[in-house]
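Notes for the structure review
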Amino acid sequence: MSRRPRLIAVDGANGRALLAAAERMAVVKGVEKSVSRWDASGLFEQLVMAGDDISTTSSRLLLLLYAADLAFRLRWEIEPALAEGHTVVAAPYVDTAMAFGRACGLPAKWLNNLFRFARKPSERHVIGTAPASRPRETAGFIEFGCVHLEWIDGRELAARTRKQLGTGRASHLGRRLRAR
Amino acid sequence: MTAPKSPRSPAARARARFTDPSRRRGLLIAFEGPDGSGKTTQRKLFKTWLQAEGHDVVTTKWNSSELIKPLVKSRKALRVLSPTEFSLLHAADFRHRVESIILPALWTGRTVIADRFLFTGLARDVARGLDLDWVINLYAPLLWPDLVFYFSVSPATSGLRVTTTRTPNFYEAGQDVTDVDDPVESYHRFIARVIREYESLALIFNFVTIDAERSIREQHEELRRLFREGQQRPWSDWNVDAVAEWLARRNGGAR
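1. Looking at the overall build of chain A
Assigned secondary structure in chain A consists of eight helices and four strands. Ordering the α and β elements of chain A from the N terminus gives β-α-β-α-α-β-α-α-β-α-α-α. In chain A, the share of contacts with a sequence separation of at least 24, taken over all contacts with a separation of at least 6, comes to 79%.

2. Looking at helix α10 (residues 216-230) of chain B
Residues and elements named next belong to chain B. Given a rise of 1.5 Å per residue, 15 residues ought to cover 21 Å, and the 21 Å separating the end C-alpha atoms of α10 matches this to within 8%. Among the residues of α10, those classed as buried are Q219, L223 and F227. Buried positions in α10, seen along its axis, are confined to an arc of 70° and lie on one side of it. With respect to the buried face of α10, the exposed residues turned more than 90 degrees away are R217, E218, E221, R225, R228 and E229. Where α10 is buried, its residues meet α2 (39-52), β4 (147-152) and β5 (208-211).

3. Considerations on the sheet that holds strand β1 (residues 28-32) of chain B
All names here are of chain B. On the basis of which strands lie adjacent, the open sheet formed by five strands has the order β2-β3-β1-β4-β5 and parallel pairing. Edge positions in the sheet fall to β2 (57-61) and β5, since each of these pairs with one other strand and no more. Across this sheet, the average inter-strand angle for adjacent strands is 20°, counted without regard to direction. Where β1 and strand β3 (residues 111-115) come together, four bridges link them in parallel fashion. Residue A30 lies in a different strand from β3, and its bridge partner there is A114. Each of β1, β2 and β3 touches helix α4 (residues 83-107); the most contacted strand, β2, lies at about 160° to it.

4. A few points about the interface of chain B and chain A
Each partner contributes residues to the interface: chain B has 24 residues there, and chain A has 29 residues. Of all the secondary-structure elements, those providing two or more residues to the side of chain B that touches chain A are α3 (69-78), α4 and α6 (132-138) of chain B. Considered class by class, the residues forming the side of chain B that touches chain A number twelve nonpolar, six polar and six charged.

5. Quick look at the confidence of the model for chain A
Mean pLDDT over chain A works out to 87, with 89% of the residues at or above the 70 mark. Below a pLDDT of 50 lies the segment residues 167-173 of chain A, which in the model reaches eight contacts outside its immediate sequence neighbourhood of four places, other chains included.

6. Focus: the nonpolar core
Most often, soluble globular proteins have nonpolar side chains that are buried together. All names here are of chain A. Counting 124 residues, the largest nonpolar core has V10, L64 and A68 as the members making the most contacts within it. Here this core gets 14 residues from one element, more than from any other, and that element is helix α3 (residues 59-83). Residue contacts for V10: discarding those within four places in its chain leaves L18, A21, A22, M25, V89, A91, P92, H125 and I127.

7. A look at the pairing of strand β3 (residues 88-91) of chain A
All names here are of chain A. Side chains of β3 alternate between two faces, with V88 and A90 and V89 and A91 buried alike. Pairing analysis gives three bridges linking strand β1 (residues 7-12) to β3, with the strands arranged parallel. Across the sheet, residue A9 finds its bridge partner in β3, namely A90. When strand β2 (residues 36-37) meets β3, the two strands line up parallel, connected through two bridges. When the sheet's bridge partners are listed, R37 is paired in β3 with A91.

About the criteria used
- Residues numbered from 1 in each chain as written.
- Chains lettered and ligands numbered in written order.
- Predicted model: local features only at pLDDT ≥ 70, side-chain atom pairs only at ≥ 80, totals over all residues.
- Helix = DSSP H or I, 4+ residues; strand = E, 2+ residues; numbered from the N terminus.
- Contact = placed C-beta atoms within 7 Å.
- Expected span 1.5 Å × (residues − 1).
- Buried ≥ 20, exposed ≤ 12 C-beta atoms within 10 Å, placed from the backbone.
- Arc of directions from axis to C-beta.
- Pairing = 2+ DSSP bridges.
- Axes fitted to C-alpha atoms, helices over the stretch in contact; angles between N-to-C directions.
- Nonpolar A, V, L, I, M, F, W, Y, C, P; charged D, E, K, R; others polar.
- pLDDT = per-residue confidence, 0-100.
- Core = buried A, V, L, I, M, F, W, Y, C linked by C-beta atoms within 7 Å.

Structure, rendered in structure tokens:
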């Protein structure tokens, strides 16, 4: 393998736009392996399939589940690909969850500690596309949170998450991908 | 998190509710200890006695959230959980029970008995090689019990009591981290690590240690005595963040 393995993190508040951008990113970067996506573990899907009432859950609970899903993705998708010398695009990665947590008013200290197990990405990109006006719970983590956390206005939460993500951190490539 | 100072803030409401001398405040009692320590037997006897004393009692067990338990159960069956995932999912289960069972019960003045509390997660996760600081932060904002009864037994006693009646399951035996094929042998090794962590936690967090090698009757009588002493303790202000966060969400705020 001639190139060094790299972990490219792509984050954003719009799940569909995020994945589309990640697919394009994979082409641009010549990524051999597929993109590592949210809910590869099936935790959130199982929650929805069970049909239980999750409207009263908290953002902390959803973030603990997000972290469990990310630990799964790291173990089964990201780390093995990196160990084989491949470059991996993780969409979303840590920044999406951190922004969601901050938008919900959670302390940065708790969030930083929660994701301490996650390896630092080689590159970070933020996709600035506006959140979907009618989010579907399966589109992405932010959409899942906006649909199910009924005690908080979903649109406002999505907008706040995007703001948290966009505080001067959108990369050149992220902006370019958003513009396409 | 710094508690807001407004008199109408959730923090102020939490303090007012739990320090109001005109009402019986909700008490949180945790039963902790390794498998085979007899704590479930004691918990049942204690609950019956508390009810006879006029307490409205709610019981909550480890890994019993209706929402999260199925997620954990299916993954345990497949033996696919890493220590990190195991830890995060149990913290999620605990968080859900705190929000949906424990805090609502305490708020209305009920007494909550927790058959295992967050210390179970700490002892097991650290025994699996995770960092204590990382694990404890998963449970923030921390909700401290009024009393933690720790049922202390030796690894040999725990091993004997558990393995003479059944074969420990894969995660109970710690086979995910011991790499020992025989579940009984693995259990003996793993429970020694768990007990070592419990003993450290008992010192750090000031558990009330019960010698669980004694008779059931002796232990129960001691629990009654210790409870009578312990229930006089004032509400711990350490809990204000946990209650305030729950109140804020209940009333349509963030978090």
